[in-house]
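Structural features, examined
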Amino acid sequence: MDRSIPKIETPTASLFNGWLWKMAWRDSRRSRQRLFLFMSSIVLGIAALVAINSFSDNLAKSIDEQAQELLGADLVLTTNKTPSKKNAEFLQSIAPERSTEVAFPSMVYFPKSGNVRLAQVKAVEGNFPYYGSWDTEPTAAAATFRKASKANQRLALVDDALLLQFGAQPGDSVKVGELTFLVAGRVLKTPGQTAVTSTVAPTVFIPGGLLKETGLIQLGSRAQYRSYYQFKKGTDVDALVEKLEPQLDKAGINSDTVSERKRQTGRAFEDLAKFLNLVAFVALLLGCVGVASSVHLYVKEKLASVAVLRCLGASGRQAFLIYLIQTALMGLLGAIAGTLLGTVLQFALPELFGSFLPVEVSVSLSWQAIAQGIITGVVISILFALLPLLVVRKISPLRTLRSSFDDDVDSRDPLRWLVYGLILLFITGFAYWQTRDWKLALGFTAGLGATFAILTAAGFLMMWLVREFFPVSWSYIWRQSLANLYRPHNQTLTLVTSIGLGTFLIATLYLTQNLLLSRVQFSSSENQPNMVLFDIQNEQKEGVKKLVAQHQLPILQEVPIVTMRLAQINGRTTEAIQQDTTAKIPDWALTREYRVTYRDKLAESEKLVAGKAPFQANGAIHISLEDSYLKRMKLKLGDTLTFNVQGALIPTIVGGTREIDWNRVQTNFLVVFPSGVLEQAPQFHVLMTRVDSTQQSATFQRSLVQQYPNVSAIDLNLILKTLDEILSKISFVIQFMALFSIITGLLVLGSSVVISKYQRIQESVLLRTIGANRRQILLITLIEYLFLGFLAAFSGIGLSLFGTWALAYFVFEMPFSPDLVPLLVVSLTVVLLTVVIGLLNSREVLVRPPLEVLRTEV
């Protein structure tokens, strides 16, 4: 035995043997281009992971640093009913430094342009915000408004989005209820506010002392009463809230502290980061498919070299470690390159997420995210490279004499199952790390496995169909192209899996976005209302109806609404149930304010599930509950519920349950009373109508706000447009991350083609030797990649259609009608890219002389 090849006794020692590292370096000199292509497969996946994790770390740090500015105060107390004298005194006694706010939706009118819009009106008093500041234009507008509030002057601050919509500016006037205010400035941002919230619900700030004069707060009006507090530095606000909790619960007051807001904000964006991390992880797994394919082809080319090493006395384990060192180093380089790219990319993410962020994110290096990216890249590269590398251990020296000898690798290797298990364990563990939920982690792994299995099965099916059934009478070019799909070293499985999975992600995200939009595109139907009028008082009902008729608009629905609270369930008070730790009734159901209506029959959007419609019998009131609400409350037919209606207790019996179609534009209620019970209770009315044009809507709303300023109108067309803009922004962010998967898939395609270039050159040169011209070889290549692109694209589209249908049916419970034209565009784009990259990477085949292969053989 040659003494230059040492005998390594243990696997641990072998990794530190200098000879193995020298051989790994020397052997790589002729193959570094292919190894670098293998490395490129994981770069984008690691880049996406590092970028998202770095951004998440920086966001968490920024939230922690700006937590007080998110809330604007140390403590916020909120109630949705006018505080009684006793509660008002209690709220005032908590701390000397207090500001108040009354927030409610209302129509606002711009006299200069004549435009009307539903806005969030906030009547404020005091020095709020105590932390952070209002970003206004002009800069002094906030201070001017605060002084005006103390003097009850008619000045207002208006959200920038609202002024831009109607072409208004500071110095113009805005009418809120019965009062007209001078616009002192535009509000660009307030503490805790995002660009999205200001777009959906633009705000008009008015002095709190003038609220009563607006005439907008009436019986039944929906308003939230907030108190903002600032305490001395060092005060334990959470401990204070815990001490006050019994009184707050009794008064129906909710609390929000800096620490709680920090948790809520962090949790909201943590969920988004987890989802985007999983998308990035899919891109990384796509790259690993390329790793496995690249190493598989690389090993195929190295079989002769391994056989020579075995003849010289190297063991199978030593040969295996030589190539494991190569792939591990390439994986490390790829992980480092991806980490650098991800670190740079994170600087762009605050711009992408800017509309949704309540804080200014300061970007800095996250060493934790960098370490995670490098470790993940190395581990996953080694795991996926192990599958093809295991073959190296069994290469026989006989291959130096018989190139067709395959007995050494045909036997089954039990270690492959161990590697499969490690891969599944890693994927599941990583998914759990991102979600902290075993069910989600297992579901993600199972779904990913099913997707890979289906795409792999599609590749196998195509190879089998082509091998068994393609017409032998077709032309030579077609026969050769189709034969390439199942020839040795074919790329069918690799490309179908990688490109198909990337297409699946993009198409599913697009279809899901449209699915969500379709849930609110109800106003496009000619028979559906697209304008809702609410807060109509009893004495205004007939007048509003006449106004609707004067504008030749239909009254599609008109319902009375009574507000009440739940007082008892089966004879037990809600307070007693809350104190009972064994009770399974959710707290929100016990403390919320219910808005109910009364009628004796079901609406068109309802279907009877059990019992009867609301009715009265023998003096007993039988109400109808929404079916899922009944289940969440752990109730059954015959149970008794007692409601508190403005101090009057009304006992009822659960007489029936209804299933509601929530997708229809119609007022829907969890609780419905029979007629003859609530007619004399304090109530307001909601009316639904339909306008045919923007001009008709504006004209009607102007008349409405002039005659009935307390009545608010919701233009559903405007809501739909706003929602479409929001979903487009969210979709762009998600698709931006999913694009990593598509690009990675294309890189896998390119690297797989380039790595197998030597085999393709041999085949093509042999074809040219026996008479094939360049045009024929070009057409053979084009047809092969055309088939691969079509199979990958349409497999991905098919999976996305099935997946989105499942989401629509099982999650959203709505019909699924996909728009196929954009999906066709996506498919054709993927096919075109596949063909172009395949041809570009195969161009060398067309220029190599036939003698080259003959010289190589000699």
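Nothing here was measured: the structure is a model prediction, and the numbers come from that model. (Residues numbered from 1 in each chain as written. Predicted model: local features only at pLDDT ≥ 70, side-chain atom pairs only at ≥ 80, totals over all residues. Heavy atoms only, no water.)

On to the overall build of the protein chain. If you tally the helices and strands in the protein chain, you get 29 helices and 22 strands. Taking all 858 residues of the protein chain together, the buried fraction comes to 52%. Of all intrachain contacts in the protein chain linking residues separated by at least 6 positions in sequence, the fraction that spans at least 24 positions is 81%. By element, 58% of the accessible surface of the protein chain is carried by carbon and sulfur atoms, the whole surface being about 40,000 Å². (Helix = DSSP H or I, 4+ residues; strand = E, 2+ residues; numbered from the N terminus. Buried < 20%, exposed > 50% of the residue type's maximum accessible area, 1.4 Å probe, protein only. Contact = heavy atoms within 4.5 Å. Areas by Shrake-Rupley, 256 points an atom, 1.4 Å probe, with all protein chains shown as cover.)

What follows deals with the pairing of strand β7 (residues 179–189). Taken together, the 3 bridges between strand β4 (residues 135–137) and β7 define a ladder with antiparallel strand orientation. Bridge pairing in β7 links E137 to R186. Taken together, the 5 bridges between strand β5 (residues 155–159) and β7 define a ladder with parallel strand orientation. Bridge pairing links L155 to L182 in β7. (Pairing = 2+ DSSP bridges.)

Attention shifts here to unusual backbone geometry. Backbone torsion omega between F128 and P129 reads 5°, so that peptide bond is classified as cis. For P129, the location among the structural elements is in the loop between β3 (115–125) and β4. The peptide bond linking E137 to P138 adopts the cis configuration, its omega dihedral lying at 5°. Of note, the phi angle at N618 is positive, near 55°, even though the residue is not glycine. Counting through the fold element by element, N618 comes out in the loop between β16 (615–617) and β17 (620–626). With relative accessibility at 86%, the residue N618 sits in the exposed group. The backbone phi angle of K634 is positive, close to 60°, even though this residue is not glycine. What makes K634 exposed here is its relative accessible area of 55%.

A cluster of like negative charges, contributed by D236, D238, E242, E245, D249 and D587, occupies part of the molecular surface. It is helix α10 (residues 237–251) that contributes the most residues to the negative patch, 4 residues altogether. Mapped onto the elements of the fold, E245 is located in helix α10. For E245, a relative accessible area of 39% corresponds to the partly exposed category. (Patch = residues over 30% accessible without salt bridge, like charges linked within 9 Å, V, L, I, M, F, W, Y side chains within 5 Å. Salt bridge = Lys/Arg side-chain N within 4 Å of Asp/Glu carboxyl O. Lys, Arg positive; Asp, Glu negative; His and termini not counted. Charge placed at Lys NZ, Arg CZ, Asp CG, Glu CD.)

Along α10, the sharpest kink reaches roughly 55°, centred on L244 and followed within four residues by the proline P246. Where α10 is buried, its residues meet β1 (75–79), α5 (85–93) and β10 (254–257). (Bend = angle between axes of the 7 residues up to and from the residue.)

With that out of the way, let us pick up the packing of helix α16 (residues 414–435) against helix α17 (residues 438–469). Closest axis-to-axis distance for the α16/α17 pair is 8 Å, and the angle between their directions is 135°. When the axes of α16 and α17 are compared, the pair comes out oblique. In this structure, α16 meets α17 at a crossing whose hand is right-handed. Residues L424, I427, T428, A431, Y432 and T435 of α16 form the contact with α17, whose own contacting residues are W438, L440, A441, L442, F444, T445 and L448. Split by residue class, the contact of α16 with α17 holds 10 nonpolar, 3 polar and no charged. (Axes fitted to C-alpha atoms, helices over the stretch in contact; angles between N-to-C directions. Parallel < 35°, antiparallel > 145°, perpendicular 65-115°, else oblique. Left-handed = near helix turned anticlockwise from the far one by under 90°. Nonpolar A, V, L, I, M, F, W, Y, C, P; charged D, E, K, R; others polar.)

Oppositely charged side chains are able to pair whenever their charged atoms sit close together. What the rule picks out here adds up to 12 salt bridges. A salt bridge links R595 to E593; its shortest N-O distance comes to 3.4 Å. Through salt bridges with shared partners, a single ionic network connects E137, D160 and R186.

A word on the packing of aromatic side chains. Scanning the entire structure with this criterion turns up 16 aromatic pairs. The interplanar angle of 40° and the centroid separation of 4.8 Å between the aromatic rings of W134 and F205 together place this pair among those described as tilted. Of this pair, W134 sits in the loop between β3 and β4 while F205 sits in strand β8 (residues 203–207), placing them 71 residues apart in sequence. Note on F205: relative accessible area 5%, which makes it buried. Residue placement shows K612 over the ring face of F615; its charged tip is 5.4 Å from the ring centre. (Phe/Tyr/Trp six-rings, centres within 6.5 Å; stacked < 30°, edge-to-face > 60°. Lys NZ or Arg CZ within 6 Å of the ring centre and 35° of its normal.)

In this structure, F281, F320, I322, I380, F384, L389 and V392 are the most contacted members of the largest nonpolar core, which totals 69 residues. Sort the elements by how many residues they give to this core and helix α11 (residues 258–311) lands first, with 13 residues. Beyond its immediate sequence surroundings of up to four residues, L389 is in contact with V295, V299, F320, Y323, L324 and T327. Within the second largest apolar cluster, 28 residues are counted, among which are L590, I623, Y629 and L641. (Core = buried A, V, L, I, M, F, W, Y, C linked by side-chain atoms within 4.5 Å.)

With respect to the secondary-structure elements, D639 resides in the loop between α23 (627–632) and β18 (640–645). Of the residues examined, D639 reaches a relative accessible area of 8% and is grouped as buried. There is a polar contact of 3.0 Å between the side chain of D639 and the backbone nitrogen of K636. When residues no more than four places from it in sequence are discounted, the contact partners of D639 are N570, T652, I653 and V654. (Polar contact = N/O pair within 3.5 Å; in protein donor to acceptor, adjacent residues only side chain to side chain.)

In this section: helix α18 (residues 476–483). Among the residues of α18, I477, S481 and L482 are the ones counted as buried. Axial view of α18: buried residues confined to an arc of 120°, hence all on one face. (Arc of directions from axis to C-beta.)

Together, W21, L329, L332, L333, I336 and L340 make up a nonpolar patch on the protein surface, roughly 510 Å² of accessible area in all. Per element, the largest residue contribution to the nonpolar patch is 5 residues, and it comes from helix α12 (residues 316–345). With respect to the helices and strands, the residue L332 is situated in helix α12.

Attention now moves to the environment of I714. Within the secondary structure, I714 sits in strand β22 (residues 712–715). Taking C-alpha positions, I714 is 6.6 Å from L533, a pair spaced 181 residues apart along the chain.

Before going further, it helps to spend a moment on the side chain of T203. By secondary structure assignment, the location of T203 is in strand β8. On the basis of relative accessible area, T203 is assigned to the buried category, the value being 5%. If sequence neighbours within four positions are ignored, T203 has contacts with Q120, K122, L157, V158 and D159.

The next point concerns the environment of I454. Examined against the element boundaries, I454 turns out to sit in helix α17. On the basis of relative accessible area, I454 is assigned to the partly exposed category, the value being 46%. Taking the C-alpha atoms as reference points, I454 and T497, separated by 43 residues in sequence, lie 8.8 Å from one another.

Relative to β18, strand β12 (residues 557–569) runs antiparallel, the two sharing 4 bridges. Looking at β18, one finds that Q568 is bridged to T642. Both β18 and strand β19 (residues 648–660) contribute to a ladder of 6 bridges, which runs antiparallel. The partner of F643 across the bridge, within β19, is I650.

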